[in-house]
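Residue-level structural notes
Chain by chain, the residues:
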Amino acid sequence: MQEPLYIAEFLGWLDNFINYGALLNKYTSDDHIFSLEPERDLVQKFGSPEKAVPSVHIAGSKGKGSVAKMLACILDEATGGPISIFASPHVYEFRERVCSARGFFTDEIYQTAIEELKKAVEIHHLEDISWYELVTAFGFLCARNVQAKYNVIETGCGGRLDATNIIKPELTIINRIELEHTALLGDTLEKIAGEKAGIIKPGVPLLVSRQAKESVLDVFRRTAGKLGAPIYFVEEACEISNIHYANSSMHVDISGKLFQQPLSLDLKMFGEKQAENAALAAMAAKILLPEVAESEIERGLSRASLVGRFERRGKVILDGAHTPESIKQTLDILDKLYPNQKCNLLFAAVDGKDLEHIVPLFREKFEKVYLTVPGSMKDGKLENTERYFQKNQIQFSASENFSEIIKEAIEATQDDQKLLAIGSFYLLEKVVAALP
C-alpha cells in the first residue's frame, strides 16, 4: 500500500526523535522512561486540542483495536460522525493510527496537523520529545481539526504513564489483561492491571471486560471505588448467545439490562473474543448515549472490520495472529467459514515465537505450505521454522526471498481455493504489496 509522499516525509522527520516503542525490551520500570509531563507541555503549545473533542479511553492487553473500531462505527451511525480513532500499531500504513470510523481523513487534515506539529517543535526547541508523544499530539490535532464528534483513543503501552492519559474522557474501557512488557509493567496480572487502571478518572464511568482472574477485577474495583467511578462488568451485564457462521459473517445475539431489546448482530470480525468485544462496544455506546437505538448499534457493528485480522482479499486471507491461541482461533474460523474449501498456507514468524506449539496446529489442514521470513525489517530464521515443520512431517516449499515465495503461493492458489497468510503482521504488508 503506497503512502502519500507527505506521510513518508513526516515519518522521516519523526525518525529524528527517540522511539521507545521500538526499544521497549531494552528498558525496565527502573529506567523511568515514561512521564505525562512532556505530552502535557506539548499539547499546551496548540491550545490543548485533547480537550476540544469528547473522548473514550481504552486500555488492555488484547482487543483494544477491535473495541475501538466497533465503538467508533456505532458512534458514527448514531451521530453522523465524524468519529476519530487513535490506535497503534499500524499494519500497512501509518494513517491507520489516526483515522475515522469510515477511513482515512482528507490530506488537508493530515497536512495541517503535520505543519502545526513541526512548527511547534522548531519554535520551542523540543528536541527531547519522543516519537510516540509527537504522534499522540498529531492524533489530538487531527481530531480537533476535523471537528470530530468523539475521539476513541487506545493506549499504547500500559495506561498510567501512557502519553494518551492526559485526557479527561467521557468513558474508560479496560479490555482483557495478559502478561506483557513485564519488565516495564510488572510480572503479575495484578501489577499489570494496576498500570492499566491508571486510566480510570474520578467520576468517569468504567467498563471492564471478562478477565482471567477475579483478583484482576478486584484491582479495578478498588481503583474505581477510590475515585468514585461507576463501574460496569460486561460478564454481569450481558449475555452472549447463538454464535454461528453464515454468509461469510459471524452471527451473535447479545442481550442485557442496558438494551431495550436483544441485539441481533452479523459481524465481519470473527471468534468468541470478538463477540465479547462487540458486547463491550455495544455497552459503551449505551453508557455514552443512552438513547442510541439498538438498530444503530447493529448497523455500526456490522460495518466494523480491522486490517490484518482475518482480512479477506479475494482468494487470500490475511491474519497477523502469532501466538498458539490466536492461530488456533484463526484456524477454527477458517474451518467454520470454509468447511469444504481447499486451502494453502503461507507462514512466516519473527524470532522468539512459540513454534513448538504453533506448527502442530497446521498438520493435515493445508494442500500446500509455503514458508518464508517476515520481510526485511524483523529477524526471522527460516531454518528454525523449517526444522519445526519437518519435525511435524509437514511438507513445504521455502525461500528467504519473501517476494518470490509470496508470488509463488498466490499463483498456486486457484480461484476456488483460499490462501491463508499468517504468523506476522510484517508478512501481511509484503503479501498485500504482491496482490494483483
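Just above sits the structure.
Presented here is a report on the structure given in the accompanying data block. As the structure is a prediction and not an experimental result, all values here were calculated from the model.

1. Side note on the overall build of the protein chain
Per the secondary structure count, the protein chain includes 16 helices and 16 strands. Since a compact globule built from 436 residues should have a radius of gyration of about 22 Å, the 22 Å found for the protein chain is in line with a globular shape. With the C-alpha coordinates aligned to their principal axes, the bounding extent of the protein chain is approximately 60 × 55 × 40 Å. Looking at the protein chain as a whole, 54% of its 436 residues qualify as buried.

2. With respect to the side chain of Ser424
As for its placement among the helices and strands, Ser424 is situated in the loop between strand S16 (418–422) and helix H16 (425–434). Leaving out residues up to four positions away in the same chain, Ser424 has contacts with Gly320, Ala321, Ala348, Val350 and Pro374.

3. Re the sheet that holds strand S5 (residues 171–174)
Overall, mixed pairing links the seven strands, which are arranged S3-S2-S4-S1-S5-S6-S7 in an open sheet. Looking at the sheet topology across the chains shown, the edges are occupied by strand S3 (98–100) and strand S7 (231–233). Sheet twist, expressed as the mean angle between neighbouring strand axes with direction ignored, is 20 degrees.

4. Examining empty space enclosed by the protein
Summed over the entire model, instances satisfying the criterion amount to one cavity of 30 Å³ or more. Forming the boundary of the largest cavity are Asn175, Arg176, Ser209, Arg210, Val234, Glu235, Glu276, Asn277 and Leu280. Elements represented by at least two residues in the lining of the largest cavity include exactly helix H9 (234–237) and helix H10 (272–288). No other element matches H10, which puts three residues into the lining of the largest cavity. Residue classes in the lining of the largest cavity are distributed as two nonpolar, three polar and four charged.

5. Comments concerning the state of the cysteines
By the definition in use, this model includes zero disulfides. In this structure Cys73 is a free cysteine whose sulfur lies 9.6 Å from that of Cys99, the closest cysteine sulfur available. Free cysteine Cys142: the closest other cysteine sulfur is in Cys99, separated by 10 Å.

6. Things to note about the packing of aromatic side chains
According to the stated counting rule, one finds 17 aromatic pairs in the structure shown. On the basis of an interplanar angle of 65 degrees and a centroid distance of 5.0 Å, the ring pair of Trp13 and Phe17 is categorised as edge-to-face. Neither Trp13 nor Phe17 differs from the other in exposure class; each is buried. A network of ring pairs unites the aromatic residues Phe10, Trp13, Phe17, Phe94, Phe105, Tyr110, Trp131 and Phe138 as a single cluster.

7. A look at the sheet that holds strand S11 (residues 311–313)
Within the open sheet, the six strands sit side by side as S11-S12-S16-S13-S14-S15. Their pairing is mixed. Taken across any chain shown, the strands that pair with only one partner, and hence form the sheet edges, are S11 and strand S15 (397–398). Its contacts with the sheet place helix H12 (residues 324–337) against S11, strand S12 (316–319), strand S13 (343–347) and S16, and it is angled at close to 170 degrees to S16. Against the sheet, H16 makes contact with S11, S12, S13 and S16, and its axis sits at roughly 150 degrees relative to S12, the strand it touches most.

8. A look at the pattern of salt bridges
Using the criterion set out here, one finds 22 salt bridges in the structure. Its salt-bridge partner being Arg303, residue Asp76 comes within 3.0 Å of it at the nearest N-O pair. With Asp76 in helix H3 (residues 64–79) and Arg303 in helix H11 (residues 294–303), the pair connects residues that are 227 residues apart, well separated along the chain. The class for Asp76 is buried, based on a relative accessible area of 3%. Relative accessible area serves as the criterion here: at 22%, Arg303 is assigned to the partly exposed category. For Lys286, the salt bridge is made with Glu294, and the minimal N-O distance between the two is 3.1 Å. Summarising the burial analysis for this pair, Lys286 and Glu294 share the class buried. The network of salt bridges with shared partners includes Asp76, Glu77, Arg102, Arg299 and Arg303.

9. A look at the side chain of Lys201
Mapped onto the fold, Lys201 is located in the loop between helix H7 (189–196) and strand S6 (206–208). In this structure the side chain of Lys201 is engaged in a polar contact, spanning 2.9 Å, whose partner is the backbone oxygen of Ile199. Apart from residues no more than four positions distant in its own chain, Lys201 is found in contact with His57, Asn165, Ile167, Lys168, Pro169, Leu227 and Ala229.

10. Concerning helix H5 (residues 131–145)
The terminal C-alpha atoms of H5, which comprises 15 residues, lie 21 Å apart, in line with the 21 Å expected from a rise of 1.5 Å per residue. Judged by how many residues are buried, H5 sits mostly within the fold: 13 of 15 residues are covered. Gln147 lies just past H5 and shows a positive phi near 60 degrees.

11. Some points on the environment of Trp131
In this structure, Trp131 sits in helix H5. The sequence separation of Trp131 and Pro89 amounts to 42 residues, and the corresponding C-alpha distance is 13 Å.

12. A look at the pairing of strand S4 (residues 150–154)
Of all five residues in S4, five are buried; the element is thus mostly enclosed. With burial as the criterion, each face of S4 is covered, one bearing Tyr150, Val152 and Glu154 and the other bearing Asn151 and Ile153. Where strand S1 (residues 55–59) meets S4, four bridges bridge the pair, whose relative direction is parallel. For Ile58, the partnering residue across the bridge sits in S4 and is Glu154. The pairing of strand S2 (residues 83–86) with S4 spans four bridges and is classified as parallel. What sits directly across from Ser84, in S4, is Asn151.

Reading guide: rules and limits
- Residues numbered from 1 in each chain as written.
- Predicted model: local features only at pLDDT ≥ 70, side-chain atom pairs only at ≥ 80, totals over all residues.
- Heavy atoms only, no water.
- Helix = DSSP H or I, 4+ residues; strand = E, 2+ residues; numbered from the N terminus.
- Rg over C-alpha atoms; globule rule 2.2 N^0.38 Å.
- Buried < 20%, exposed > 50% of the residue type's maximum accessible area, 1.4 Å probe, protein only.
- Contact = heavy atoms within 4.5 Å.
- Pairing = 2+ DSSP bridges.
- Axes fitted to C-alpha atoms, helices over the stretch in contact; angles between N-to-C directions.
- 1 Å grid on protein atoms, 1.4 Å probe; cavity = no way out; pocket = protein on both sides within 12 Å on 5 of 7 lines; lining within 4 Å.
- Points joined across faces, edges and corners; volume = space filled by probe spheres on them.
- Nonpolar A, V, L, I, M, F, W, Y, C, P; charged D, E, K, R; others polar.
- Disulfide = S-S within 2.5 Å.
- Phe/Tyr/Trp six-rings, centres within 6.5 Å; stacked < 30°, edge-to-face > 60°.
- Salt bridge = Lys/Arg side-chain N within 4 Å of Asp/Glu carboxyl O.
- Polar contact = N/O pair within 3.5 Å; in protein donor to acceptor, adjacent residues only side chain to side chain.
- Expected span 1.5 Å × (residues − 1).

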